[in-house]
Amino acid sequence: MLVDAIVYLGATVVFVPVASRFKLGSVLGYLAAGCVIGPSGFGFVSDVDSILHFAEFGVVLMLFLIGLELDPSRLWAIRKSVFGGGAIQMAVCGAVLAVAGLAVGLSWRGALVAGLAAALSSTAIAVQTMRERGVLGSPMGKVSFGILLFQDVAAIPLVAVIPLLSSDGGSEGLRFAGFAKVIAAIAAVVIVGRYATQPLLRAMAKTNLREVFTAFALFLVVGIAHVMALAGISMALGAFLAGVLLASSEYRRALETDIEPFKGLLMGLFFIAVGMSIDFGLLARQPVFLVLLVLVFVALKTAALLAVAGPLGVPKETRATFAALLSQGGEFAFVVFGIARTAHVLPGDWDKRLTLAVALSMALTPPMVLAAAALEARLFPPKAREADVIDAEEAPVIIAGFGRFGQIVGRLLFASGLKATVLDFDPDQIEVLRRFGFRIFYGDATRLDLLQAAGAAQARVMIDAIDDVDANLRLVDIVRQHFPHLTIVARARNVGHLYELRKRKVDLVDRELFESALSAGRRALEALGVRPHEAYERAASFRRHNLALLESLGSEALGEEQRTARARAARDELERQFQMDRDEIERLEGGDWQAERE
């Protein structure tokens, strides 16, 4: 077990960073690691089935956490993308793939099960990929997430009806017994999740022992998953259902915090196990057939997804990525194919072939997403927004950059009854501020024509609050050259930026964090027992020393060694000043200050 753990961790730290370095995503790195260390690779690990069953708890925990985010009100808010978009996707993809199953000789029962199972996509891969690419909150990401949620729910009845489709000649009573067992397990999870878990969670929380609460959270998820497995249902589906039932619990955030670390580790192990489960021996025996099977499966599903992308509201510039994200088979397909084999719905080696096809389709997803993104970038290049036509009223102040720094300056001026023309380069920021009545214009403040249109020739003050240091300095150069009458009040990001502004003869400069940090330090001194007046004096003394030091170090005549020596001397002088202040206070108060401070 220890040797296996070393193998898994070693493969992870080798392959995942390489895949991430080439922007292939961490999932492909895990899959590649599994292929290399598995039985079809170097054979470092041979018992793949046991590892896959253990690693499936990563998917279990992930779906439990997804379920925790879906309280009934939120689920109702996204009902259109979940129940509408998900149903359309399942119906279209399932029908296309079922027809393909009939074409290769499967019975109608086998084709139906194979088509619907293959229509399911991998929630683990799709969500992980969207998070890494930062598109989970985009319109395409929201539609994809809704479809994935519907698939997770739809897998429950799909698993439940497989015993009813059994063609092994068993009695109707046995088939309905299997169906009844599934329904009973789901009902048990609903009852336990709705009525029993809340008081138990409350009791665990009252112990005030974090490890006990974490243990109970894991016990809850694993226990529910085991009940579902006994009924022949995927453990992940039961965990998802349990998460939905606990979504409105006051302990939702605590559960998320405790389970998240286990989920991340086990998800990686799950992807490694999927890579190890790829049967390259079967692939070597039937290479042409299996390669064609994978390519046709992915091509048909991709085409079906592209066909439904428009009606589902996916923007045309992201439809290729949408299809690539959901083109693979899902982890639930492994469960469905296994149950279908037991029920004799899938004949011969079809369960192994389809399982291999799903695993290989997972490995194809990261490069397909990259190819789709590159294609979209060529077909739909981002259009640069034209600068706004500025019809600004005559104003004495121009504010360049209206982020967190510029907003405070602007609000103070507006509250004082002064007009200002605001230029900013963030279109989303502009739309928000316009809704609140600010006169703000989109455009690059370093463009001379925009400055002229903004009234720089008539204005008196330029507030340079641009966040980017290079653009900030470029604006100063333009203003100095073309509008020398303007008084510049500039924002400095750091000391180096401050020196560059001083070189340009900008005297009214404020470091964006200096004053607030100084205030926080003064409050910290007061909280530690220093008298408010003394804390104020200490902060003022520090401010004087710091500004004097910066003025001294900013001299172009000083070399690097001279600056370092002067900075050290200034620090020593400040320490001596503080010591003198403390000695004076102790002398006047008879040492009471030190006792109070301690």
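Rules of the game
- Residues numbered from 1 in each chain as written.
- Predicted model: local features only at pLDDT ≥ 70, side-chain atom pairs only at ≥ 80, totals over all residues.
- Heavy atoms only, no water.
- Helix = DSSP H or I, 4+ residues; strand = E, 2+ residues; numbered from the N terminus.
- Contact = heavy atoms within 4.5 Å.
- Areas by Shrake-Rupley, 256 points an atom, 1.4 Å probe, with all protein chains shown as cover.
- Buried < 20%, exposed > 50% of the residue type's maximum accessible area, 1.4 Å probe, protein only.
- Pairing = 2+ DSSP bridges.
- Right-handed = clockwise from strand over helix to strand, strands pointing away.
- Phe/Tyr/Trp six-rings, centres within 6.5 Å; stacked < 30°, edge-to-face > 60°.
- Core = buried A, V, L, I, M, F, W, Y, C linked by side-chain atoms within 4.5 Å.
- Salt bridge = Lys/Arg side-chain N within 4 Å of Asp/Glu carboxyl O.
- Axes fitted to C-alpha atoms, helices over the stretch in contact; angles between N-to-C directions.
- Patch = residues over 30% accessible without salt bridge, like charges linked within 9 Å, V, L, I, M, F, W, Y side chains within 5 Å.
- pLDDT = per-residue confidence, 0-100.
- Left-handed = near helix turned anticlockwise from the far one by under 90°.
- Nonpolar A, V, L, I, M, F, W, Y, C, P; charged D, E, K, R; others polar.

The number of helices and strands found in the chain is 26 helices and six strands. By sequence separation, contacts in the chain at least 24 residues apart represent 73% of the contacts at least 6 residues apart. Entry remark: accessible area of the chain is about 29,800 Å², with carbon and sulfur atoms responsible for 62%.

This next bit is on the pairing of strand β2 (residues 420-424). Of all five residues making up β2, five are buried, and the element is well covered by its neighbours. Burial along β2 is two-sided: the residues Ala420, Val422 and Asp424 and Thr421 and Leu423 are all buried. In terms of strand pairing, strand β1 (residues 397-400) meets β2 through four bridges, oriented parallel. For Ala400, the partnering residue across the bridge sits in β2 and is Leu423. For the handedness criterion, the β-α-β arrangement of β1, helix α18 (residues 404-415) and β2 is classed as right-handed. Taken together, the three bridges between β2 and strand β3 (residues 440-442) define a ladder with parallel strand orientation.

Time to look at the environment of Ile272. One can find Ile272 in helix α12 (residues 252-277). Sequence spacing of Ile272 and Leu28 is 244 residues, and the spatial spacing of their C-alpha atoms is 9.4 Å. Not counting chain neighbours up to four residues away, the residues in contact with Ile272 comprise Tyr8, Thr12, Tyr30, Gly34 and Ile37.

Here the focus is the pairing of strand β6 (residues 508-511). Side chains Val509 and Arg511 project from β6 onto a buried face, and the interleaved Leu508 and Asp510 project onto a face without burial. The pairing of strand β5 (residues 487-492) with β6 spans four bridges and is classified as parallel. For Val489, the partnering residue across the bridge sits in β6 and is Leu508. Remark: the β5/helix α22 (residues 495-503)/β6 crossover connection has right-handed handedness.

For the structure on display, the rule yields three aromatic pairs. An angle of 20° between the planes, with centres 5.8 Å apart, marks the rings of Phe42 and Phe44 as stacked. Residue Phe42 shares its accessibility class with Phe44, and that shared class is exposed. Centroid distance Phe216 to Phe219: 6.2 Å. Interplanar angle 35°. Geometry classified as tilted.

One recurring pattern in soluble globular proteins is that nonpolar side chains are buried together. Leu63, Phe64, Leu255, Phe271, Phe322 and Leu326 are the most contacted members of the largest nonpolar core, which has 126 residues in total. Excluding its chain neighbours within four sequence positions, the residues that come into contact with Phe64 are Val221, Ala239, Phe240, Ala242, Gly243, Leu246, Leu255 and Ile259. Residues Leu451, Val479, Leu501 and Val506 belong to the second largest nonpolar core, which totals 26 residues.

Let's shift gears to the pattern of salt bridges. Inspection of every chain in the model, using the stated rule, returns ten salt bridges. Residue Glu515 pairs with Arg543 through a salt bridge whose shortest N-O separation is 2.8 Å. In this pair, Glu515 sits in helix α23 (residues 514-527) while Arg543 sits in helix α24 (residues 532-553), placing the two residues 28 residues apart along the sequence. Judged by relative accessible area, which is 34%, Arg543 ranks as partly exposed. Put simply, Asp477, Glu500, Lys503 and Arg504 are held in one network by salt bridges that share partners.

This brings us to the sheet that holds β6. Across the sheet, six strands lie side by side as β3-β2-β1-β4-β5-β6; this open sheet has parallel pairing. Unpaired on one side and paired on the other, β3 and β6 mark the two borders of the sheet. On average, each strand axis in the sheet is tilted by 20° relative to the strand beside it, whichever way the strands run. Docked against the sheet, α18 engages β1, β2, β4 (461-464) and β5, running at close to 160° with respect to β1. In this fold α22 packs onto β5 and β6, with an angle of close to 160° to the strand it touches most, β5.

Another point: a nonpolar patch on the surface. The grouping of Leu102, Trp108 and Leu112 at the surface amounts to a nonpolar patch, some 310 Å² of accessible area in total. Mapping Leu112 onto the fold places it in helix α6 (residues 108-119).

Moving on, we get to the environment of Gly43. Structurally, Gly43 is set in the loop between α2 (26-37) and α3 (48-68). A C-alpha to C-alpha distance of 9.2 Å links Gly43 and Met276, two positions 233 residues apart in sequence. If we ignore the near neighbours within four places in the chain, the residues touching Gly43 are Val36, Ile37 and Gly38.

Burial of helix α16 (residues 331-342) is extensive: ten of the twelve residues sit out of reach of the surface. Regarding α16, the residues found buried are Glu331, Phe332, Ala333, Phe334, Val335, Val336, Phe337, Gly338, Ile339 and Ala340. Of the residues trailing α16, His344 is marked for its positive phi of about 60°.

Moving on, we come to unusual backbone geometry. Glycine aside, a negative phi is what most residues show, and trans is what most peptide bonds show. Positive phi, close to 60°, is recorded for Asn208, a residue that is not glycine. Considering the arrangement of structural elements, one finds Asn208 in the loop between α9 (172-206) and α10 (210-230).

Predicted confidence across the chain gives a mean pLDDT of 79, with 81% of residues reaching 70 or more. Mean pLDDT per element in the chain: helix α26 (residues 592-597) is the minimum at 47, and helix α15 (residues 319-325) is the maximum at 93.

Moving on, we come to the side chain of Arg491. Positionally, Arg491 belongs in strand β5. The exposure class assigned to Arg491 is buried, which follows from its relative accessible area of 3%. If near-sequence neighbours (up to four positions away) are discounted, Arg491 is found in contact with Arg404, Phe405, Asp464, Ala465, Ile466, Asp467, Asn472, His497, Leu501, Asp510 and Glu512.

With their axes 9 Å apart at the nearest point, helix α5 (residues 79-103) and helix α14 (residues 287-309) run at an angle of 145° to one another. As α5 runs across α14, the sense of the crossing is right-handed. Between α5 and α14, the residues in contact are Ile88, Gln89, Val92, Cys93, Val96, Leu97 and Ala100 and Phe297, Leu300, Lys301, Ala304, Leu305 and Val308, respectively. The residue makeup of the contact of α5 with α14, split by class, is eleven nonpolar, one polar and one charged.

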